[in-house]
Amino acid sequence: VVTSHGATLSVDSKTIPGLTAKASIVSHTIRLSGPIEEGDADKLRVILTRLKTTTPPTLDRPLATIELSSAGGDVYEGLKIGYLLREYSVASVVRARDLCLSACALAFLGGTGSRAGPIFVPSRSIDIGGQVGFHNFSLNTNSELVPEAKDARAGLIVGFSMARGGASALVRYATTMGIDMSFVASMLGRSPEQWEYIDRAQTFMALQVCPIGAKPPRQSPAATAANICNNATSGLSPVSPMQARQFTPREGKRYMLEHVQRNIENYSMKGPLVAQLKAALSSRDSQLIDAVYNDLRSAGIPLPKSLGPLFEVTGYLIGEYGLDCHVSFSRDEPDRFDVTLQGTEGAMKLFQSPPPACPGIFLYDKDDMLNPRR
């Protein structure tokens, strides 16, 4: 336990037996509680450096998990802590009875599960009941870091300069953490007294946060397909389940291959896969359809992995052009799904992707309240 002025930091380490004596798994849980003040990031760095030195590295797992419980404090120190979580691959979590507000909420966004090359995988979770809230920062006029001003004009210049520096730091931090700039713009446009909490499904998705203990939605398969597609096309007007058309797995594969064939004909493409596709569609051999479908997916053609029935969801518009969404999911495990978007010019990237650790968040309507304020 590290205590002094500012936050209290404690570490709980457990060793889980592995398959062999040398394959034990070491789990570290750090708990940060109390006000975040200058110097707390340095205390945390000492702890993380020691853990990294003494813990064998494990692929696809964070070095540690940090539990955050703080009403906030120094915004720059919160950003420093967030950067440390990214640097050392530390997952962040807020437990059911805890609050994580202001500077703590910013630090929470640094939660990282692993790093694969230059790509960081976020790992941010909230137990249902835990509260994470953001607001615009404010200037502490009593701070020794605020320079004195000779008159009102000079004070205005000093305040503007410090506010601009704070906004710049937030934008740079959000970019590093992969946070949508619209969220930052919304936060900076509010007064410090206005708060935004991670409570609705859309906020969980936008900030790549996983809810722990959320009740799965009870809805029809068509509603599930519409929700997945509405979330994948975030920013476009959502459509209703009435615009979801269902195919059996066999029908779905043939339907998607017919899509591919039309695109190939438009571009006058040739080659062995083209001939194989034509032969498959002219036959009634299900095994041949499966083989060609899998070959085209392996070749990089954007076809949804067949996990169950296929749904085509239509009605999306980009200007005057239409966009179709195709999604396949397991009836038993609907959070296992694959989705593709098809525009007039061919396949398109998803407008929004679900958090890697909890793709099932896409099953909810964006306005569903997952974590009501207590």
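The residue count restarts for each chain, going from 1 along the sequence in the order it is written. Owing to the predicted nature of the model, reporting of local features is limited to residues with pLDDT of at least 70; listing and counting of side-chain atom pairs is limited to 80 or more, with chain, interface and lining totals taken over all residues. With hydrogens and water excluded, all non-hydrogen atoms of the structure serve as input to the side-chain values.

Asker: Could you give an account of the sheet that holds strand β9 (residues 131-134), naming the residues involved and the relevant values?
Answerer: Only strands that DSSP links by at least two bridges are regarded as paired with each other. Only DSSP runs of H or I with at least four residues qualify as helices, and only runs of E with at least two residues qualify as strands; both kinds are numbered from the N terminus onward. Sheet architecture is open: 3 strands sit in the order β5-β9-β10, paired in mixed fashion. The open sheet is flanked by β5 (99-101) and β10 (196-197), the only strands paired with a single partner. Pairing between β5 and β9: 3 bridges, direction parallel. Looking at the pairing, L99 lines up with Q131 of β9.

Asker: Break down the confidence of the model for the protein chain for me, with residues and values.
Answerer: Looking at the protein chain as a whole, its pLDDT mean stands at 86, while 86% of the residues score no less than 70. Predicted confidence is poor over residues 154-160, with pLDDT under 50, and the contacts of this stretch with residues over four places away or in other chains come to 3 contacts. For every residue, the predictor assigns a confidence score, pLDDT, that lies between 0 and 100. Contacts are residue-level and defined by heavy atoms, with any inter-residue pair within 4.5 Å sufficient.

Asker: Please provide a residue-by-residue account of the environment of P57, values included.
Answerer: Take P57: it is sitting in the loop between α1 (40-54) and β3 (64-69). Spatially, the C-alpha atom of P57 lies 9.7 Å from that of V26, the residues being 31 residues apart in sequence.

Asker: Please give an account of the environment of L68 that cites residues and values.
Answerer: Within the element layout of this structure, L68 appears in strand β3. With a relative accessible area of 1%, L68 lands in the buried category. Between the alpha carbons of L68 and L101 there is a distance of 9.6 Å; along the sequence they are 33 residues apart. When neighbours within four sequence positions are excluded, L68 is seen to be in contact with L32, S92, V93, V94, D98, L99, C100, C104, A107 and F108. Summary of the burial criterion: residues with accessible area below 20% of their type's maximum are buried, those above 50% are exposed, and those between are partly exposed, where the area comes from a 1.4 Å probe applied to protein chains only.

Asker: How would you sum up the packing of α1 against helix α2 (residues 75-88)? Please name residues and give values.
Answerer: For any two helices packed against each other, the geometry is given by the interaxial angle and the distance between the axes. Packing of α1 against α2 leaves a shortest axis separation of 9 Å and a crossing angle of 10°. As summarised for this structure, α1 and α2 are arranged roughly parallel, according to the angle between their axes. Across the interface between the two elements, D40, A41, D42, L44, R45, L48, T49 and K52 from α1 touch E77, K80, I81, L84, L85, E87 and Y88 from α2. Angles run from 0 to 180 degrees between N-to-C directions of axes, and those axes are lines fitted to C-alpha atoms, restricted for helices to the stretch in contact. Oblique is the label for any angle not covered by the other classes, which are roughly parallel (under 35 degrees), roughly antiparallel (over 145) and roughly perpendicular (65 to 115).

Asker: Lay out unusual backbone geometry in plain terms, naming residues and giving numbers.
Answerer: Look at S89: it is not a glycine, yet its phi comes out positive at around 55°. Exposure remark for S89: the relative accessible area of 14% places this residue in the buried category.

Asker: Describe the layout of surface pockets, and please don't skip the residues or the numbers.
Answerer: Grid spacing is 1 Å over the protein atoms alone, the probe is 1.4 Å, and a cavity is where that probe fits but cannot get out, while a pocket is an open set with protein on both sides within 12 Å along at least five of seven lines and lining residues have an atom within 4 Å of a point. Grid points are joined across faces, edges and corners, and a volume is the space filled by probe spheres set on the points. Put simply, the second largest pocket is a space of about 530 Å³. For the second largest pocket, the lining is made up of 20 residues, of which P57, T58, R61, P62 and L63 are closest to its centre. Among the elements of the structure, β2 (25-33), α2 and β6 (112-116) are those that each provide at least two residues to the lining of the second largest pocket. Residue polarity is assigned by list, with Asp, Glu, Lys and Arg as charged and Ala, Val, Leu, Ile, Met, Phe, Trp, Tyr, Cys and Pro as nonpolar; anything else, Gly included, falls into the polar class. Its residues assigned to classes, the lining of the second largest pocket comprises 9 nonpolar, 6 polar and 5 charged.

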